[in-house]
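Overview (structure and organization)
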Amino acid sequence: MKKPFLFLLFVLAAVSCKEVEVPQAYGPVPTEAQMEWQEMEMYAFIHFSINTFTDIEWGYGDRDPKLFSPTELDCRQWAKVCKDAGFKGIIITAKHHDGFCLWPSRYTEYSIKQSPWRGGKGDLVKELSEACKEYGLKLGIYLSPWDRNHRDYGTPEYITYFRNQLRELLTNYGPVGAIWFDGWWDQDGNPGFNWELPEQYAMIHKLQPGCLIGNNHHQTPFAGEDIQIFERDLPGENTAGLSGQSVSHLPLETCETMNGMWGYKITDQNYKSTKTLIHYLVKAAGKNANLLMNIGPQPDGELPE
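Residues numbered from 1 in each chain as written. Predicted model: local features only at pLDDT ≥ 70, side-chain atom pairs only at ≥ 80, totals over all residues. Heavy atoms only, no water.

This part is about helix α6 (residues 197-207). Every buried residue belonging to α6 is among Leu197, Gln200, Tyr201, Met203 and Ile204, and all of these are buried. Across the axial projection of α6, the buried residues extend over an arc of 155 degrees, all falling on one side. Among the exposed residues of α6, those oriented more than 90 degrees off its buried face are Pro198 and Lys206. Residues of α6 that are buried sit in contact with α5 (156-171), β4 (178-181) and β5 (212-215). (Buried < 20%, exposed > 50% of the residue type's maximum accessible area, 1.4 Å probe, protein only. Helix = DSSP H or I, 4+ residues; strand = E, 2+ residues; numbered from the N terminus. Arc of directions from axis to C-beta. Contact = heavy atoms within 4.5 Å.)

Even without a glycine there, the phi angle at Asp55 is positive, about 60 degrees. Looking at the secondary structure, you find Asp55 in the loop between β1 (42-46) and α3 (75-85). Non-glycine residue Arg232 carries a positive phi angle of around 55 degrees. Classification of Arg232 as partly exposed rests on a relative accessible area of 22%.

The subject of this paragraph is the packing of α5 against α6. At their nearest, the axes of α5 and α6 sit 10 Å apart, and the two run at 20 degrees to each other. In this view, α5 runs roughly parallel relative to α6, as classed from their interaxial angle. The interaxial crossing formed by α5 with α6 has right-handed handedness. Between α5 and α6, the contacting residues are Phe162, Arg163, Leu166, Arg167, Leu170 and Thr171 on the first element and Glu199, Gln200, Met203, Ile204 and Leu207 on the second. By residue class, the composition of the contact of α5 with α6 is six nonpolar, two polar and three charged. (Axes fitted to C-alpha atoms, helices over the stretch in contact; angles between N-to-C directions. Parallel < 35°, antiparallel > 145°, perpendicular 65-115°, else oblique. Left-handed = near helix turned anticlockwise from the far one by under 90°. Nonpolar A, V, L, I, M, F, W, Y, C, P; charged D, E, K, R; others polar.)

Bear in mind that shape data such as this cannot, by itself, settle questions of function.
Below, the structure is given as structure tokens:
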């Protein structure tokens, strides 16, 4: 019995020492950046712009830039509040639908450089980028394709303008974790207009390979997009009528407001309870989705703690 037993041990040892081939991946394989983003679980959406001072949610691009005058704005305070609340990052509305820019873009005068804030020398995106680095938060940038101020909107010339601004944001402010586009809006009825999304997405990935792309167009994700967004709904649900698209293999995100508005509005005090918000976070996690929770700083720039 001894020799057969020793022979068996020899065979088992030989088999165990044989290099085992790693099985091939089956189906879509997430990138490292997608994995890191998926693990964030919860991050803040900050809507802050000239609309904050006009008490409206969507501006028309016709308000005087001098209205933008947050006397107490400190992006470090924003970052600290978000960090203390458990957020892992911040997505800022660098340009909303009215076209007003929170950085001194060289391609338009409709920006904070025409405001009294910081004597017209301020750069909110830069200050927030630095604050996020200090507090260990990822920075994401919301850039609305819709621009109600720019004269070329709806023409091929606007594509050049839009890409120039994207290039500014992706080359002047360090690592950007994600670009958040808010749909394509009214140009689906304009047969002569093409957003040229493949070229646009390729440019973003070239400038910052680790930057993820999400587009809130309420459609099944297009090639080149890295995140699937569900607005005011959990993936697979469509109670708000905005998220009837099928759930994809991409990292998922649901965005929601703490009250009824995306930006600050003093008359909207209908805030969701702590219990409701926590339950929503848990439900999002149960759907394998991150929660992008919107908060709106006050007109003075302070984010209530």
